[in-house]
Amino acid sequence: MAEFVLGIDLGTSNSVAAAERPDGPEVLVDAEKRGPQPSIVSFHPSGSVLVGHEAKRRRLIDAENTIYSAKRLIGRPFSSPEVQKIAKQMPYPMVGGDNDQTIIEVRDQRLTVPEVSAFVLHHMKVIAERTLRQTVNKAVITVPANFNDAQRNATLAAGEIAGLDVLRIINEPTAAALAYGHGKKMDRKVLVYDFGGGTFDVTILEIHGEVFEVLATAGDTYLGGDDFDVLIMDRMVAQFLEQTRYDARQDGAAMERLRSVAEQVKCQLSGQGRSVVQVQELAYGPDGAALNLDFVLQRDDFEKLAEGLVDRTFAICDEAFKLAQIPINVVDEVALVGGSTRIPLVRESVRSYFARAPLATINPDEVVALGAAIQGASLLAAVAPPPSLPTASAPQTTLQGRGMPAIPPAPGETRPPPPPKPRPLLLDVTPMSLGVAIVGGYAKVIIPRNAQVPAEQMEVFSPGADGQTSVSFRICQGESQRFEENTELGELILAGLRPAARGEVKIEVTFEIDTNGVLKVHAKDETTGRMQDATIKLRGELGASEMSDAFERIGPGGGA
Ligand code: ADP
Ligand code: MG
């Protein structure tokens, strides 16, 4: 039986799984034929765990036990400003755990963020297995191009907890480009405009045959479809207050309902000029009478509200062009990705900003998962070529997309199997500079932003005192010269150094960002040539023993 590798787009709002079938990549749907599944996990009083659409419905009535937007938290230490900010907005309680991990408390459980994401990944695995009618254990998972090292590591951990062998972490825009360009023999510069639920990302790539090279990437992690919902909600709240004197802001349950209705209104306005909704029994008046909200919004009015948010995406596109050092007019195609690109104002604005019609031939909700499935199949082919094919020369030639020369069969000889599909080569870049803390509170850049990955850079470190046998350095990602203004990843610890006079021992430390975008280090004593202990202690990382604890304890529930 053919083996499949799942391509999973693990989104902030929705997740999608796909797999490469003989006819090409295909989105794997649930029993109701739905591909995208809400990335929501709800803990039911019965002890079962609901994931996806069922969990989204639970959010309306049981918000404190329903976890959404876990992707905003993944790989972030509890004390970080982002988590502190999100903790204030979320209906579910969060606390700090060991090693500054973010712990979510629901019912009587304590969950780490990778465990929450593991429930989503497992749900996608169950849906896939149902459609493919076989067990699937391998996956390629996508992450935003601007995810830092800790976020990528935490995503890998989530896959592992869900029982998936994660062959590769790839960037969402690169996956989208792959879905558009694989097997097309393109020679074009493509801009991927990804406007999702919580974030906006833009990436400029150059596609040469099967080589997908990222030229630049930029984004805003606080700009997405949710922001449009909030604008509509604000209107609803104001109108309700004016008509009923009831302040819905004080009422969590009413706000959850309004958020959900606001999203519906927004989506309706993508298809029609006007949206009319009635929200029954949104609240009760002082006399106990039900208070309803009758709400009408014209698309024109929505567009006036939304304009500012849409404009912000183009400031980020400008930044990407500056980084790529290319002018806007050399872009050949603009590919739309993400649910928010269904908004007509977004499409029109993209068209006028780039002076060309955007590509939207692939469903913007599915394109990332399809690309991940293509990459998954190609990785599988790389490790396990079909036994009947000549393997010695195949990988190199196919990597370049040239395929194998066709040799006609001799008379009487059976025709050889078809040549393997060309395999894509992804040349990605690191979204942030990697640095170490140096004296005076400054950060020294080791691997700069936008460097092609895998990337490697050697630095020499020396203990500052006589006889010192270990040294540690704080490491960070970010663009500020001040260490504190960047994201601190953790500590690099060099141990077991040979005791010597100050300045005598020099340790060559090699920093490597691998194909997953994950940081690795190794170190060598310059004089003796001996390999040195070098470990990175990441802030907020799960220890091996803590992995999958709650996942095993509670067990995944809520099937496909
Ligand atoms: P993410 O990648 O962040 O998980 P998605 O690409 O799935 O996000 O996009 C989700 C966002 O797209 C949500 O804010 C959702 O409301 C919005 N969205 C989905 N369909 C439409 C539509 N028809 N019109 C406007 N917005 C939409
Ligand atoms: Mg997305």
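Residues numbered from 1 in each chain as written. Chains lettered and ligands numbered in written order. Predicted model: local features only at pLDDT ≥ 70, side-chain atom pairs only at ≥ 80, totals over all residues. Heavy atoms only, no water.

Q: Mind laying out the overall build of the protein chain, listing which residues take part and the relevant values?
A: For the protein chain, the helix and strand inventory stands at 12 helices and 28 strands. Taken over C-alpha atoms, the radius of gyration comes to 25 Å for the protein chain, in line with the 24 Å a tight globule of 560 residues would show. Along the first, second and third principal axes, the C-alpha set of the protein chain runs to 85 × 80 × 50 Å. Residues counted as buried form 52% of the 560 residues belonging to the protein chain. (Helix = DSSP H or I, 4+ residues; strand = E, 2+ residues; numbered from the N terminus. Rg over C-alpha atoms; globule rule 2.2 N^0.38 Å. Buried < 20%, exposed > 50% of the residue type's maximum accessible area, 1.4 Å probe, protein only.)

Q: If you had to explain the site of ligand 1 to someone new, which residues and values would you point to?
A: Ligand 1 sits among 18 residues. The nearest are S13, G197, E263, K266 and S270. Separating an oxygen atom of ligand 1 from a backbone N or O atom of S13 is a distance of 2.8 Å. Here G339 contributes a backbone N or O atom positioned 2.9 Å from an oxygen atom of ligand 1. Put simply, the parts of the chain that give the shell around ligand 1 at least two residues each are helix 6 (225-244) and helix 7 (252-271). Residue composition of the shell around ligand 1, grouped by class: two nonpolar, 12 polar and four charged. When residues of the shell around ligand 1 are assigned to domains, at least three fall in each of domain 1 (5-181 + 365-376 + 545-554) and domain 2 (225-304). (Near = heavy atom within 4 Å. Polar contact = N/O pair within 3.5 Å; in protein donor to acceptor, adjacent residues only side chain to side chain. Nonpolar A, V, L, I, M, F, W, Y, C, P; charged D, E, K, R; others polar. Domains from an automatic or database assignment.)

Q: Could you give an account of the domain arrangement of the protein chain, naming the residues involved and the relevant values?
A: Once the domains are mapped, the protein chain shows domain 1 (5-181 + 365-376 + 545-554), domain 2 (225-304) and domain 3 (434-514 + 518-539). Averaged C-alpha coordinates put domain 1 and domain 2 at centres separated by 29 Å. Taken together, the contacts link six residues of domain 1 with five residues of domain 2. It is K56, R59 and L60 in domain 1 that bury the most area against domain 2; as a group they hold 70% of the surface buried on that side. Summed over the shared surface of domain 1 and domain 2, the result is two salt bridges. Between K56 and E263 there is a salt bridge, and its shortest N-O distance comes to 3.4 Å. In this assembly, domain 1 and domain 2 are joined by two residue pairs in polar contact (both at pLDDT 80 or more). (Contact = heavy atoms within 4.5 Å. Buried area = accessible area lost by both parts, 1.4 Å probe. Salt bridge = Lys/Arg side-chain N within 4 Å of Asp/Glu carboxyl O.)

Q: Describe in detail the pairing of strand 17 (residues 290-298), supporting the description with residues and values.
A: Here strand 17 shows a buried face lined by L291, L293, F295 and L297 and an unburied face lined by A290, N292, D294, V296 and Q298. Both strand 16 (residues 274-284) and strand 17 contribute to a ladder of eight bridges, which runs antiparallel. Residue R274 lies in a different strand from strand 17, and its bridge partner there is Q298. In sequence, strand 16 turns back onto strand 17 through a hairpin of five residues, with G288 there showing a positive phi of about 85°. (Pairing = 2+ DSSP bridges.)

Q: Give a detailed account of the sheet that holds strand 10 (residues 109-112), specifying residues and quantitative values.
A: Spatially, three strands are ordered 8-9-10 in an open sheet, and the strand pairing comes out antiparallel. Edge positions in the sheet fall to strand 8 (94-96) and strand 10, since each has one partner strand and no second. Strand-to-strand twist in this sheet, taken as the mean axis angle between neighbours without regard to direction, amounts to 35°. In this sheet, strand 9 (residues 102-106) lies alongside strand 8 in antiparallel orientation, the contact comprising three bridges. Its bridge partner being in strand 9, G96 is matched across the sheet by T102. Across the sheet, helix 3 (residues 113-132) is in contact with strand 9 and strand 10; its angle to strand 10 comes to roughly 85°. (Axes fitted to C-alpha atoms, helices over the stretch in contact; angles between N-to-C directions.)

Q: Which residues make up the side chain of T102, and what values go with them?
A: Residue placement: T102 occurs in strand 9. Of note is the side chain of T102, whose polar atom sits 3.0 Å from the backbone oxygen of R76. Of the polar contacts made by the side chain of T102, one reaches the backbone nitrogen of F78; its length is 3.4 Å. The residues touching T102, leaving out its near neighbours within four places in the chain, are R76, P77, F78, V83, M94, V95, L111, T112 and V113.

Q: Can you explain helix 5 (residues 172-181)? Please cite residues and give values.
A: Of all 10 residues that make up helix 5, 10 are buried, and the element is covered over most of its length. For helix 5, the full list of buried residues reads E172, P173, T174, A175, A176, A177, L178, A179, Y180 and G181. Directly beyond the C-terminal end of helix 5, a positive phi value near 75° is found at G183.

Q: Lay out the side chain of K125 in plain terms, naming residues and giving numbers.
A: With respect to the secondary-structure elements, K125 resides in helix 3. Looking at K125, the relative accessible area reads 9%, which means it is buried. At 2.8 Å, the side chain of K125 and the side chain of E129 are in polar contact. Within the structure, K125 has its side chain in polar contact with the side chain of N137 (distance 3.3 Å). Apart from the residues within four sequence positions on either side, K125 is in contact with L6, T135, V136, N137, A162, G163 and L164.

Q: How would you summarise the pairing of strand 26 (residues 507-513) if you had to cite specific residues and measurements?
A: Summarising burial for strand 26: six of the seven residues are buried, a large majority. Direction of pairing for strand 23 (residues 455-461) relative to strand 26: antiparallel, over a ladder of seven bridges. Residue pairing in the sheet places E459 in a bridge with V509 of strand 26. Looking at chain direction, strand 26 and strand 27 (residues 519-525) are connected through seven bridges and run antiparallel. From the neighbouring strand, T510 faces strand 27, where its bridge partner is H522.

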